[in-house]
Amino acid sequence: MTDVFTGHVDLRFNLAKGLTFTTTNGVDYYDAKSYSFSSKRVNPSNSMGNSDTYRMMLQSSNNFTYMGKWNKHSLTSTAVYEVTKYEERLMNISGKNLLTESVGWWDASMAQSRDVSNGIQNWALVSGVTRVMYNYNDRYQLAGTFRADGSSKFAKNNKWGYFPSAALGWRISEEDFMKDISWIQNLKLRASYGETGSQAITAYQSLASFSTTSYVLNGSSAVALVPGRVPNPDLKWETTDTKNIGFDYAMFNNRLTGSINYYINQTEDLLITKKLSP
């Protein structure tokens, strides 16, 4: 049995001349339950199983945008605030060699051997973005962006990451000295620098974890906790900075178009799992 619901609401408001506010809010819900039973009538031994998987994601994105133009100048500025909340719960119960089959999958205590597993994962992400884009006479472009992201996945003192970027553009084909070159319709030089962050890990990776192990004590089976993962108070955002310079061109009445780009990417603080020597 599976229940799934996905929905979103988008609203847009014109607050003043050139100023708009847009809000997008969504929910993604998933809940799946399954039950199984196998009888001795068709198998060497009987067995049962129950499982439940629940996931819920809530997202909200709110955007203020201003667009203005005067004479040969144009300006677009944006402020964005985003929130994401995710929760996941898992539960699995299985049993073999039931003392009675009349209970089916409903009573795991009737199983002579049982296996139980469960888990939970919660994380949240808060983001703020500001962006300004300026254009003069459709010839010179300048853009700057600053992004701040806060993730619950990282250690206490490293939850926030800050990622700036900037870009320049020059449409050479709009210059006066290019007007007599009729076979070039567009020639643009671009340069940019930017940083991006990644939180591509599961929750709780900065915290210590434990697992269980079985052993024999005085002739009887016992269970003990053993360390699984050491805490990492220095866990923080993975950061990639990108430097780019390139050309866009269109020639021969736009029959030939394309781009030439040169990139340099460098990533720091990779989010990878490393096994330590015992």
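Report on the accompanying structure. Please read these numbers as outputs of a predicted model, since none were measured by experiment.

1. Remarks on the overall build of the protein chain
The secondary structure content of the protein chain amounts to zero helices and twelve strands. Beginning at the N terminus, the succession of helices and strands in the protein chain can be written as β-β-β-β-β-β-β-β-β-β-β-β. Relative to a compact globule of 278 residues, whose C-alpha radius of gyration would be 19 Å, the protein chain shows 29 Å and is clearly more extended. The dimensions of the protein chain, computed from C-alpha atoms along their principal axes, are 95 × 45 × 40 Å. Here the contacts in the protein chain between residues at least 6 apart in sequence split such that 59% fall between residues at least 24 apart. About 18,600 Å² of surface is accessible on the protein chain, with carbon and sulfur atoms providing 57% of the total. Distance between charge centres in the protein chain, computed from 28 positive and 24 negative side chains, equals 0 Å.

2. Here's the deal with the packing of aromatic side chains
Under the defined criterion, the tally for this structure stands at nine aromatic pairs. An angle of 20° between the planes, with centres 6.2 Å apart, marks the rings of F13 and F21 as stacked. On the basis of relative accessibility, which here comes to 40%, the residue F13 falls in the partly exposed class. Chaining the aromatic ring pairs together yields one cluster made of F13, F21 and F64. Here the basic side chain of R89 rests over the ring of Y54, its NZ or CZ set 4.1 Å away from the ring centre. Here the basic side chain of K153 rests over the ring of W123, its NZ or CZ set 4.6 Å away from the ring centre.

3. A few points about the side chain of S151
Along the polypeptide, S151 turns up in strand β6 (residues 140-151). For S151, the side chain forms a polar contact with the main-chain nitrogen of K153, separated by 3.2 Å. At 2.6 Å, the side chain of S151 forms a polar contact with the side chain of Q199. Not counting residues within four places of it along the chain, the set of residues in contact with S151 comprises A124, L125, K159, Q199 and W237.

4. Regarding the side chain of D149
Looking at the element boundaries, D149 is found in strand β6. For D149, a relative accessible area of 5% puts it in the buried group. A polar side-chain atom of D149 sits 2.9 Å from a polar atom in the side chain of R147. Those residues in contact with D149 that lie beyond four places of it in its chain are L125, V126, S127, K159, W160, G161, F163 and W237.

5. Structural notes on the sheet that holds strand β2 (residues 19-38)
Spatially, ten strands are ordered β1-β2-β3-β4-β5-β6-β7-β8-β11-β12 in an open sheet, and the strand pairing comes out antiparallel. Each edge of the open sheet is held by one strand with a lone partner, namely β1 (2-16) and β12 (256-268). When the angles between neighbouring strand axes are averaged without regard to direction, this sheet yields 10°.

What counts and how
Residues numbered from 1 in each chain as written. Predicted model: local features only at pLDDT ≥ 70, side-chain atom pairs only at ≥ 80, totals over all residues. Heavy atoms only, no water. Helix = DSSP H or I, 4+ residues; strand = E, 2+ residues; numbered from the N terminus. Rg over C-alpha atoms; globule rule 2.2 N^0.38 Å. Contact = heavy atoms within 4.5 Å. Areas by Shrake-Rupley, 256 points an atom, 1.4 Å probe, with all protein chains shown as cover. Lys, Arg positive; Asp, Glu negative; His and termini not counted. Charge placed at Lys NZ, Arg CZ, Asp CG, Glu CD. Phe/Tyr/Trp six-rings, centres within 6.5 Å; stacked < 30°, edge-to-face > 60°. Buried < 20%, exposed > 50% of the residue type's maximum accessible area, 1.4 Å probe, protein only. Lys NZ or Arg CZ within 6 Å of the ring centre and 35° of its normal. Polar contact = N/O pair within 3.5 Å; in protein donor to acceptor, adjacent residues only side chain to side chain. Pairing = 2+ DSSP bridges. Axes fitted to C-alpha atoms, helices over the stretch in contact; angles between N-to-C directions.

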